[in-house]
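Now for the letters of each chain:
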Amino acid sequence: MNNCWFSNSRGVPKGHCAVYVGESKKKRFVVPLSYLNQPSFQDLLTQAEEEFGFDHPMGGLTIPCKENVFVDLMSRLRS
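Residues numbered from 1 in each chain as written. Predicted model: local features only at pLDDT ≥ 70, side-chain atom pairs only at ≥ 80, totals over all residues. Heavy atoms only, no water.

(A) Structural view of the overall build of the protein. Across its full length, the protein holds two helices and four strands. Ordered by position in the sequence, the α and β elements of the protein form the string β-β-β-α-β-α. The 79 residues of the protein split such that 35% are buried. For the protein, contacts bridging at least 24 residues in sequence account for 47% of all contacts bridging at least 6. Accessible surface for the protein amounts to roughly 4900 Å². Of this, 49% is attributable to carbon and sulfur atoms. (Helix = DSSP H or I, 4+ residues; strand = E, 2+ residues; numbered from the N terminus. Buried < 20%, exposed > 50% of the residue type's maximum accessible area, 1.4 Å probe, protein only. Contact = heavy atoms within 4.5 Å. Areas by Shrake-Rupley, 256 points an atom, 1.4 Å probe, with all protein chains shown as cover.)

This is the structure in structure tokens:
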């Protein structure tokens, strides 16, 4: 994945943001900021807002969905 990748490091390239995804164990992904304008990604942001409000337990944007669902969405956005 060259536009969205799993990342253990804390560095985030310019024009990207880190998100935490998963139901119990969270995995950190780095995604392009341009994805934030996509309706399907905005649906995930709405879910995050409904579940966490502005208090994200990981200290960053946490998206409450299954990892495989998120990866599938990122693949579709990349195409």
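Moving on from the model shown.
(B) Main features of the nonpolar core. Core analysis: the largest hydrophobic core is formed by 14 residues, its most contacted members being Val19, Val21, Val31, Phe41, Ile63, Phe70 and Met74. For this core, the secondary-structure elements that each account for two or more residues are β2 (16–21), β3 (27–32), α1 (39–52) and α2 (67–78). With four residues, α2 is the largest single contributor of residues to this core. Those residues in contact with valine 21 that sit more than four places away from it in its chain are Lys26, Lys27, Phe29, Ile63, Cys65, Lys66, Glu67 and Phe70. (Core = buried A, V, L, I, M, F, W, Y, C linked by side-chain atoms within 4.5 Å.)

(C) Local environment of the environment of proline 13. Tracing the chain through its elements places proline 13 in the loop between β1 (5–6) and β2. On a C-alpha basis, the gap between proline 13 and valine 30 in space is 8.4 Å, while along the polypeptide they are 17 residues apart.

(D) Highlighting the packing of α1 against α2. Between α1 and α2, the least distance of the axes is 10 Å, while the angle of their chain directions is 150°. For the element pair α1 / α2, the angle class is roughly antiparallel. Of the residues in α2, those in contact with Ser40, Phe41 and Leu44 of α1 are Phe70, Leu73, Met74 and Leu77. Here the contact of α1 with α2 is built from residues that sort into six nonpolar, one polar and no charged. (Axes fitted to C-alpha atoms, helices over the stretch in contact; angles between N-to-C directions. Parallel < 35°, antiparallel > 145°, perpendicular 65-115°, else oblique. Nonpolar A, V, L, I, M, F, W, Y, C, P; charged D, E, K, R; others polar.)

Keep in mind that these numbers describe shape and distance, not what the molecule does.
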